[in-house]
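Residues per chain, in single letters:
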Amino acid sequence: MNNASALSNLPVRILMGPGPSNVHPRVLKAMATPVIGHLDPEFLRLMDEVRERLRLLFRTRNRFTIAVSGTGSAGMETALVNLLEPGDRILVGVAGVFGERMCDVASRCGAEVVRAEAPWGEIVDPGQIESALKKGEFKAVAIVHAETSTGAHQPIKEIADIAHKSGALVIADTVTSLAGCEVSVDEWEIDVCYSGTQKCLSCPPGLAPITFNDRAMEVVRSRKTKVQSWYLDMSMVERYWGEERFYHHTAPISMIYALAESLSIIFEEGLEKRWERHARLGGALHAGLEAMGLPLLAKKGYRLPMLTSVGIPDGVDDLSIRRRLLAEHNLEIGGGLGAFKGKAWRIGLMGESCSQANLLLVLSALEKLLLAHGVNVHLGSGTTAGLATLEYV
Ligand SMILES: *Cc1c(COP(=O)(O)O)cnc(C)c1O
């Protein structure tokens, strides 16, 4: 029997899919920091520092800002299970997989779910939200800011204003957008906003930053029924992350180290500079793919910089290209989900993965492989167009 674990044979990849993104070596090193007790005074100081920096990242003064122990989906579940009680009504914007997932989670809370739908690649129109809200009383409106299944960039502020006029709370999913483009929780008046560490924060998957404003926490505290999830009940987690330090569960200590280091890296770069880097390289990727004759599937004017959905040319097999990217270029991109399965690739430029070197690699590798698979692509067309936007922007 071979005693070596499969772990020893894992390759180092270039991660340009929909997440996880590449993790900075400093973050990996931080994770090797010796584990100390989760109630050690030094660890409590670190938790406080992480909370303070998460507030800066979300651009909020919300007292209740923490990192949920779990991935982005745990953030989604936390937002919904805490706000919703059986019989409550919620309006969910659905234009892809993650809006769909919110509907699923909300229905498991016993809520009545009403959908405001848009075709894949498009955004939910604020007018649609407005007319849906006229049809009854809603406790919350939930919307995905960066729909990772399509690459569409959903504006939030106008929808939040409409929701608040009707008295509903606003929940926003910023798993893919946070740290990659503007997310301004206070200015946009988002009541509950969650994210994940594995996309533009360039941390491994495992924590879900989340923030609740006072109004949302008041709703949690005045529930008639208990939150159905013991683990994600924020009225208890609040006492653990707060001054009381009341034991609830053991924080995943090494992940908190990772998040602390990744937040340092983000603020060393500067948040706005980081958004600008994503915008610039994302724009170059869009130009490069279009110059190769490939269609971008998110609506023009509403395209995310950090996640691009691109149509696969007719007759080209999705998996054989992705297998060759991995085997020949050590490069991972994502396949399509749901309606886009087999029809689209999803290319991520998130956090550490968002570099000019990676941009040129993915464009040149696709030029070469598409040509090899019989597509009429000119070598150099994508890279040249991509570089040209970088030159002159
Ligand atoms: C990735 C993602 C999630 C889920 O995050 P996991 O870390 O996979 O649990 C939720 N919402 C959006 C928009 C995402 O992109």
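Residue positions within a chain follow its written sequence, with the count starting from 1. Side-chain atom pairs in this predicted model are given and counted only at pLDDT of 80 or more, local residue features only at pLDDT of at least 70, and totals for whole chains, interfaces and linings cover all residues. Just so you know, side-chain values use all the structure's heavy atoms and leave hydrogens and water out.

1. Things to note about the domain arrangement of the protein chain
- Taken domain by domain, the protein chain comprises domain 1 (25–267) and domain 2 (271–392).
- One C-alpha centre belongs to domain 1, the other to domain 2; they are set 29 Å apart.
- Every residue pair with non-hydrogen atoms within 4.5 Å of one another is taken to be in contact. Counting from both sides, the interface comprises 31 residues of domain 1 and, opposite them, 24 residues of domain 2.
- Once two parts are put together, the accessible area they lose, assessed with a 1.4 Å probe and summed over both, is termed the buried area. Taking both sides of the interface into account, the surface hidden between domain 1 and domain 2 amounts to around 2,200 Å²; carbon and sulfur atoms contribute 67%. Boundary definitions for the domains trace back to an automatic or database domain assignment.

2. What to know about the sheet that holds strand β11 (residues 307–311)
- Pairing between two strands is assigned when DSSP locates at least 2 bridges connecting them. Secondary structure follows DSSP: runs of H or I at least 4 residues long count as helices, runs of E at least 2 residues long count as strands, and numbering of each begins at the N terminus. The strand order across the open sheet formed by three strands is β11-β14-β13, and the pairing between neighbours is antiparallel. If you trace the sheet from one side to the other, it starts and ends with β11 and β13 (334–335), each paired once.
- Summarising the sheet, β13 and strand β14 (residues 344–348) pair through two bridges and their orientation is antiparallel. Bridge assignment links G335 to a residue of β14, and that residue is W345.
- In this analysis, axes come from line fits to C-alpha atoms, helices being fitted only over the stretch in contact, and the angle between any two N-to-C directions falls in the range 0 to 180 degrees. Docked against the sheet, helix α10 (residues 271–291) engages β11 and β14, running at close to 5° with respect to β11.

3. A few points about the pattern of salt bridges
- A side-chain nitrogen of Lys or Arg and a carboxyl oxygen of Asp or Glu constitute a salt bridge if their distance falls within 4 Å. The final tally for this structure, using the stated rule, is 27 salt bridges.
- Across the salt bridge formed by R115 and E100, the nearest N and O atoms sit 2.7 Å from each other. Here R115, found in strand β4 (residues 112–117), pairs with E100, found in helix α4 (residues 97–108); they are 15 residues apart in sequence, far enough to count as distant.
- Note on R115: relative accessible area 35%, which makes it partly exposed.
- Note on exposure labels: buried denotes an accessible area under 20% of the residue type's maximum, exposed denotes more than 50%, and partly exposed covers the range between, all computed with a 1.4 Å probe on protein chains only. Its relative accessible area of 38% is what places E100 among the partly exposed residues.
- A salt bridge links E238 to R221, with the nearest nitrogen and oxygen atoms 2.7 Å apart. Remark: R221 occurs in helix α7 (residues 214–221) and E238 occurs in helix α8 (residues 234–241); sequence separation between them is 17 residues.
- For E238, a relative accessible area of 23% corresponds to the partly exposed category.

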